[in-house]
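Take a look at the letters that make up each chain.
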Amino acid sequence: MSAGNTIPDSAGTVIVGAGCVGCSAAYHLTRLGREDVVVVDRGPLYETGGSTSHAPGLVFQTAGSRMMTRLASYTRDLYADLDGFRTCGGVEVAYTEDRWDYLKRKRERGRASGLEGGELLSPETVAERIPQVDAETVLGGYYLPTDGKAHAVDVSATMAERARERGARFFGETTVTDLEIRDGRIRAVVTDRGRIEADEVLVATNIWGPLFGEMVDVDIPLVPCAHQYLVTDELEELRGASREIEQPILRHQDYSLYFRQHGERYGIGSYNHEPLLVDPKDIYGPEKLDDLGLEYPSLREFTEEHFFENTHPDHGKTAYEAACELVPSLRDAEFEEGINGMFCFTPDGNPILGPTEEIDGLWWALAIWVTQSGGAGSVIAHWMEDGVPRLDGERIDVTGAHLSRFQPHAGSREYAWGRGAQQYREVYQLIHPREQPTGQRGLRRSPFYGRQAELGAEFYDAGGWEVPQWYESNESLLETYDVPDRPDWLARGWSKAQGVEHLAVRDRVAMVDMTTYTGIEVTGDGATALLQRVLTNDVDVSPGRIRYAAMCNEDGGILADVTVARLADDRYVVFTGGGNSATLHSRWIREHAPDDGSVSVTTHDSSRCGIGVFGPESRNVLAPLVEADLSNDAFPFYTARETYLEGVPVTMLRLSYAGELGWEVYAPTEYGAKVWEAIEAAGEEYGIVPMGWAALESTSLEKGFRLWGTDITPEYDPYEAGIGFAVDLETDFVGKEALLEARESGIDRRIAPITLDERGAVVDAGHPVVDPDDGSVLGDVVRADYGYTIDAGIAYAYLPAADAEAGRHVEIEYEGERHPATVREEPLFDPDRERMLR
């Protein structure tokens, strides 16, 4: 435990970092049976000097994603069981109507993720629970009674003690100077007190993470960032408090502020200032800390101007003014303590979890707040021990936190710092899910980008790619197509052009930029055996055939759904989504490839571009351009051909994500502009329209096609997700045993299409599906949009099997209202596939 102990020469697992994340990982690893675990930290145990040491420890469980909510909920339950948590409830107040509507949706998202007991409070009730709040300044609040305060240092020590009882060893005041890599795997951790040989190493150092990345030449895109925390002298409203925390913790997100009780005093946290980024190399050492009178390396000197003087550009108030408006007694208070405390942000605001692709045995758990620390430790421990990320043994989708999600440009200082600063600015802001970043844009552009811009494309950022969502040029067709309006929040970041494009592809023909779809080429004598191993369907078909398949982990959770084109006996192309997902999916295939040279795996993430040509007139548009015969007999549905289009070598797939007659056309990137021009010109007489991804997704939803990352994730297996037809149990694939067990034990839940009963009504994902009789939550909406062809709002949700039967009447909660809806048969559009097969 103490720095005086001699560190061992070797260990099975070394964890670098003894804050709440490192201690949680050690606690969970030893609970899973590992005994030879060593934890080292540069600081004293367990107030090590990192973010754990100064964090206020507020646990608001309802987060922006299902993953983060589940991690926070588990953390709360774990720490409460370890006597390291004070349950006092949490209140988030609304200053604006927009925020009040947001809190309604937030409460519903919490219910959908299993958080019960959340209430919407009147201003008067907010003030009853927190008397120092001026009720006249707020419109109401969202209250969750199980929120509270985690004592991060205490609970770290408790988890460490439990881990030590099971054999783990902890060493403070031990600085890691290097990570030793040899032959592509971790070999040792080198410290100022000796070298520890290790089979596996977990880096859980948070703000110091990029420095460890530099040791092993791995990009760790996160940036330390300081925010402010102050504590007042005694407040009259808190006088006589007998405990550190009796009142609910409080958020005032419209002004980027949070508050918590310190007995008779009050703490104020502020993000209401410009990003204060810190280079990890510039984190203060002991000498500098002593000179400045700072206690921990994760602290910077308090900058008064950012709290008392500088006004926020969005609302023109200083943090002090905004805090005093909500809590008037602060005007007469003295501030006894003030710090600028560091934590960190990644470019997308999510944690960094998982193994390093290039280095076997090296793991990361970074950019994690106290709020999610206990859950993150459970996930990483299961991942290291079982090979699958699990939360307390249950499947969880942590794709959005995987280290491999980052694209090559994310490693640059400009990108990591620019997007990290943006995440800081937005951490408490009211950001629409469709709102797009403005900085670090235009990094990856398809060869069609210039023409798309001329057509008024609305570009979204996807893994650095500029992806058109819709085209303003199509708004001129609103006289032809009737597109219903949307209410305020759902209309933001949306255009009626989506509805036009959706209806036009059903009516005529459309062309879609599919460059982000990535082809993973698998060749060699062992190609068939490899793909049979990593995919659920039988891909040993004749050349020219296409198969749809899932890719599963050992738990049967869906890692991907893909289309596989066999182009020759020893050559396949696996087509998957682009950007982050393609990186993860290609990695999975490479990890399972034999090292005997019998297989080559090449990811065409930039070298190929693609255009989807879909709609009843698609054959007429393409036939004059290509050398291949496009008739049904010569080029049937779900087949592939390599041919030429206007002299350009292309690979064509006879399929359509829009659910129409159509082809996907892929070509080397340098030929792309020529391909677009030829198709656009040939389609002019048929009324061809450029179609964005918003319409492609709504047409696919109407057709019942799945979308990776929304309605299929590792949290669900193929049977639950309704793609059991893509599972061939005669083959031997990863996850087969889990799927056999699931099928034999019965499917308790499954995905179901739901339509809203009121015409024009539409909801968003993340909201609860409830029983109309008692209001109990049946499931959660994982994907939603409007079906413009069937003229109804569509929501896909995972429901108990008994409630997923067609005809079942349900309600969907949205912004405090319950919308009547009905479970339907799937698919909702063209159930006999007549349009795709014509």
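Rules behind the numbers
Residues numbered from 1 in each chain as written. Predicted model: local features only at pLDDT ≥ 70, side-chain atom pairs only at ≥ 80, totals over all residues. Heavy atoms only, no water. Helix = DSSP H or I, 4+ residues; strand = E, 2+ residues; numbered from the N terminus. Buried < 20%, exposed > 50% of the residue type's maximum accessible area, 1.4 Å probe, protein only. Axes fitted to C-alpha atoms, helices over the stretch in contact; angles between N-to-C directions. Parallel < 35°, antiparallel > 145°, perpendicular 65-115°, else oblique. Left-handed = near helix turned anticlockwise from the far one by under 90°. Contact = heavy atoms within 4.5 Å. Nonpolar A, V, L, I, M, F, W, Y, C, P; charged D, E, K, R; others polar. Polar contact = N/O pair within 3.5 Å; in protein donor to acceptor, adjacent residues only side chain to side chain. Phe/Tyr/Trp six-rings, centres within 6.5 Å; stacked < 30°, edge-to-face > 60°. Pairing = 2+ DSSP bridges.

Visitor: Quick one: what's the story with unusual backbone geometry, residue by residue and with numbers?
Guide: Glycine aside, the phi torsion of most residues is negative, and most peptide linkages are trans. With an omega of -5°, the peptide bond between leucine 45 and tyrosine 46 qualifies as cis. Within the secondary structure, tyrosine 46 sits in the loop between strand S2 (37-40) and helix H2 (51-54). With an omega of 0°, the peptide bond running from glutamate 826 to proline 827 counts as cis. Position of proline 827 relative to the elements: it lies in the loop between strand S42 (817-823) and helix H22 (834-837). Backbone geometry at serine 256 places phi at a positive 55°, although glycine is not the residue there. For serine 256, a relative accessible area of 6% translates into the label buried. You will see that tyrosine 638, though not glycine, has its phi angle at about 65°, which is positive. With respect to the helices and strands, tyrosine 638 occurs in the loop between helix H18 (618-622) and strand S33 (640-645). A residue is classified by how much of its surface remains accessible, and tyrosine 638, at 21% relative accessible area, is partly exposed.

Visitor: I'd like a rundown of the packing of helix H1 (residues 20-31) against helix H11 (residues 370-386), residues and numbers included.
Guide: Running from N to C, H1 and H11 point in directions that differ by 40°, and their axes come no closer than 8 Å. Classed by the angle they form, the pair H1 and H11 counts as oblique. H1 and H11 meet at a crossing whose hand is right-handed. Seen from H1, the contacting residues are Cys20, Val21, Ser24, Ala25, His28 and Leu29; seen from H11, they are Val370, Ser373, Gly374, Gly377, Ser378, Ile380, Ala381 and Met384. Each residue belonging to the contact of H1 with H11 can be placed in one class, and the counts come to eight nonpolar, six polar and no charged.

Visitor: Could you give an account of the environment of arginine 641, naming the residues involved and the relevant values?
Guide: Examined against the element boundaries, arginine 641 turns out to sit in strand S33. The sequence separation of arginine 641 and proline 543 amounts to 98 residues, and the corresponding C-alpha distance is 9.3 Å. Once residues within four sequence positions are removed from consideration, arginine 641 is found in contact with Gly544, Ala634, Phe635, Pro636, Val650, Thr651 and Met652. Reaching out from arginine 641, the side chain makes a polar contact with the backbone oxygen of alanine 634 at a distance of 2.9 Å.

Visitor: Just give me the short version of the packing of aromatic side chains, but keep the residues and values in it.
Guide: Under the criterion given, the structure shown has 30 aromatic pairs. Seen in terms of ring centroids, tyrosine 657 and phenylalanine 705 are 6.1 Å apart; in terms of plane orientation they differ by 15°. Their pairing is stacked. Of the two residues, tyrosine 657 sits in the loop between strand S34 (648-653) and strand S35 (662-668) while phenylalanine 705 sits in the loop between helix H20 (693-703) and helix H21 (736-745), which places them 48 residues apart along the sequence. Note on tyrosine 657: relative accessible area 11%, which makes it buried. Relative accessible area serves as the criterion here: at 25%, phenylalanine 705 is assigned to the partly exposed category. When the centroid spacing of 3.6 Å and the interplanar angle of 5° are considered together, the rings of tyrosine 716 and tyrosine 798 count as stacked. Of this pair, tyrosine 716 sits in the loop between H20 and H21 while tyrosine 798 sits in strand S40 (residues 792-800), and the two are 82 residues apart along the sequence. Grouping residues by exposure puts tyrosine 716 and tyrosine 798 together as buried.

Visitor: Before we move on, could you go through the sheet that holds strand S31 (residues 600-604) and cite the residues and values that matter?
Guide: One open sheet accounts for five strands, arranged S28-S29-S30-S27-S31; its pairing is antiparallel. The strands lining the two open edges of the sheet, one partner per strand, are strand S28 (546-552) and S31. In this sheet, adjacent strand axes meet at a mean angle of 25° when their direction is disregarded. Bridge count for strand S27 (residues 518-523) against S31 is five bridges, and the pairing is antiparallel. Paired with threonine 523 across the two strands is serine 600, which belongs to S31.

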